[in-house]
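Structural overview for review
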Amino acid sequence: MSFDRSHPPFESFGQALAAPRPDDDDPRARPASRRRPANPRSVTLVVSLLVTAALAAVLMVTPTPYAVRTPGPTEDTLGTQDQGAGQSASEVPLIQISGAETFPASGQLRLTTVSVYGGPGGDVLLGDVLWGWASQERSVQPVEAIFPEAITSEEQQEQGQAQMLSSQESATVAALTELGYEVPTTMTVVSAAAGTGAEGVVAEGDVIVSLDGEPLDTYPELLAALDDVTPGDDVVLGVERDGEPTDLTVTTGEGDDRALLGVLIDPQYDFPVDVSYGIEDIGGPSAGTMFALGTIDLLTPEDELNGAVVAGTGTMDVDGSVGPIGGIEQKMYGALRDGAQWFLAPSDNCGEVVGHEPDGLEVVSVSTLAEARAAMEAIGAGDGGSLPRCG
């Protein structure tokens, strides 16, 4: 038997039968010589799109001169913080008190923070900036607006830790004073500011003991005495210089809401109650108000919060003044995220609060520790509706 090799095998033959007939209206069937040339405008458009896409991809990973603020973690000052790692990990109380009786609390007082991307030690990409502009919870600012000084990441961390330690000390003084304790203070002059009435009059190492003949035992007493002085007036500053009492006449200057002596003081406190703070990885001065409230809550038998979750922010001066902070919009969103129903905001930050309050968070304006304490007690008693707001 022989095969006719002029015919294809069965499969090929079937395929040949099934093959479509060339159609002159189908450009794919035309000979190459008859196909239409590519439209120059189409080629230009494709090339432009490719170039634009490439440029966009490059821009999205290009560093920008901006910093982005986002809601940071919050911590309950009445609770604990996980510290350490592995087998050495432990929960450390944020506020630790000895030398006085403490009492349990059923609510939470959450300090709030801001996470900042960009500035020393990091870059913000265009994609992050666009996301920040589109998000209510984030804010975008030039790097120099957040970090006005050219400092390294390490210097920034050291500065933040120093501010945190100072704020904790001031919070302790303010809280104990609010509770009726006296905190004796040795007020030693470090230096006199150039161009002030103290320059050339007050010397380094002088210990301040009186003002206009009134003895001063605490730093808050000195600040209260200066509240009664008209800026520009002369005062008689009593000091101990090399162990000898000396009266100095100093012309005061003008500061924020009070007369200024024009001296830098290093106060050394003799605390009647030992208060320390076990907190890591958080810097800056803005937790002072919440530390002071937490200290008050732990040292009083009343259950001020009665289960309420209250967050807040604000610097704390030794005289109980609540000061403004940065990033309050992000802090409010962080508070809401972590379960807070109420937020205590410095009154000087109210301009940034109005119109930016997250739904579900009640924001209360406070300017002193006494006002913040009263707000905490009112919230716990279910009377928060009458508290002052920023609007």
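For the structure, see preceding data.
Description of the structure in this document.

Reading guide: rules and limits
Residues numbered from 1 in each chain as written. Predicted model: local features only at pLDDT ≥ 70, side-chain atom pairs only at ≥ 80, totals over all residues. Heavy atoms only, no water. Pairing = 2+ DSSP bridges. Helix = DSSP H or I, 4+ residues; strand = E, 2+ residues; numbered from the N terminus. 1 Å grid on protein atoms, 1.4 Å probe; cavity = no way out; pocket = protein on both sides within 12 Å on 5 of 7 lines; lining within 4 Å. Points joined across faces, edges and corners; volume = space filled by probe spheres on them. Nonpolar A, V, L, I, M, F, W, Y, C, P; charged D, E, K, R; others polar. Contact = heavy atoms within 4.5 Å. Buried < 20%, exposed > 50% of the residue type's maximum accessible area, 1.4 Å probe, protein only. Core = buried A, V, L, I, M, F, W, Y, C linked by side-chain atoms within 4.5 Å. Salt bridge = Lys/Arg side-chain N within 4 Å of Asp/Glu carboxyl O. Disulfide = S-S within 2.5 Å.

Observations regarding the pairing of strand 10 (residues 207-211)
One ladder, built from two bridges, connects strand 9 (residues 185-192) with strand 10; its direction is antiparallel. Opposite Thr 188, over in strand 10, you have Val 207 as the bridge partner. Sheet topology places strand 10 next to strand 12 (residues 234-241); four bridges connect them, and they run antiparallel. What sits directly across from Val 207, in strand 12, is Glu 240. One ladder, built from two bridges, connects strand 10 with strand 11 (residues 214-215); its direction is antiparallel. In the strand pairing of strand 11, Ser 210 is matched with Pro 215.

Here's the deal with the layout of surface pockets
Volume-wise, the second largest pocket comes out at about 880 Å³. Around the second largest pocket, the lining is made up of 34 residues, and of these Tyr 219, Leu 223, Arg 258, Asp 317 and Asp 319 lie nearest the centre. Broken down by secondary-structure element, the contributors of at least two residues to the lining of the second largest pocket are helix 5 (153-178), helix 6 (219-227), strand 15 (259-260), strand 16 (263-269), strand 19 (315-316) and strand 20 (322-323). Taken together, the residues of the lining of the second largest pocket break down into 17 nonpolar, 10 polar and seven charged.

Remarks on the side chain of Thr 300
Structurally, Thr 300 can be placed in the loop between helix 7 (288-299) and strand 18 (309-312). For Thr 300, the contacting residues outside a window of four places in its chain are Phe 103, Leu 179 and Arg 373.

Re helix 8 (residues 328-337)
In terms of burial, helix 8 is a largely internal element, seven of the 10 residues being buried. All of the buried residues in helix 8 are Ile 328, Gln 330, Lys 331, Met 332, Tyr 333, Gly 334 and Ala 335. Looking one or two residues beyond helix 8, the residue adopting positive phi is Gly 339, at roughly 95°.

What about the nonpolar core?
One broad rule of soluble globular proteins: the nonpolar side chains tend to lie buried together. Ranked by internal contacts, the top residues of the largest apolar core, which has 65 residues, are Ile 208, Leu 261 and Phe 291. Looking at which element gives the most residues to this core, the answer is helix 7, with seven residues. In this view, Leu 261 contacts Ala 198, Ile 208, Leu 211, Leu 222, Leu 226, Val 235, Leu 237 and Val 250; residues no more than four positions away in its chain are not counted. The next biggest cluster of nonpolar side chains, apart from the first, holds 14 residues, and it includes Ala 311, Ile 325, Cys 350 and Cys 390.

Some words on the pattern of salt bridges
Where charged atoms from two side chains of opposite charge approach closely, those side chains can pair. All told, the structure shown has seven salt bridges when counted by the stated rule. Residue Glu 377 pairs with Arg 373 through a salt bridge whose shortest N-O separation is 3.4 Å. In this pair, Glu 377 and Arg 373 are both assigned in helix 10 (residues 369-380), four residues apart and thus about one turn of the helix distant. A relative accessible area of 34% means that Glu 377 is categorised as partly exposed. Arg 373 sits in the buried class, given a relative accessible area of 18%. Among the charged side chains, a salt-bridge network with shared partners connects Glu 178, Arg 373 and Glu 377.

Details of the state of the cysteines
Under the counting rule described, the total for this entry stands at one disulfide. Shown here is the disulfide that connects Cys 350 with Cys 390, its sulfur atoms set 2.1 Å apart. Linking Cys 350 and Cys 390, the disulfide has an S-S dihedral of approximately -65° and is accordingly described as left-handed. Here Cys 350, found in helix 9 (residues 350-353), pairs with Cys 390, found in the segment after helix 10; they are 40 residues apart in sequence, far enough to count as distant. Exposure remark for Cys 350: the relative accessible area of 11% places this residue in the buried category. Exposure remark for Cys 390: the relative accessible area of 14% places this residue in the buried category.

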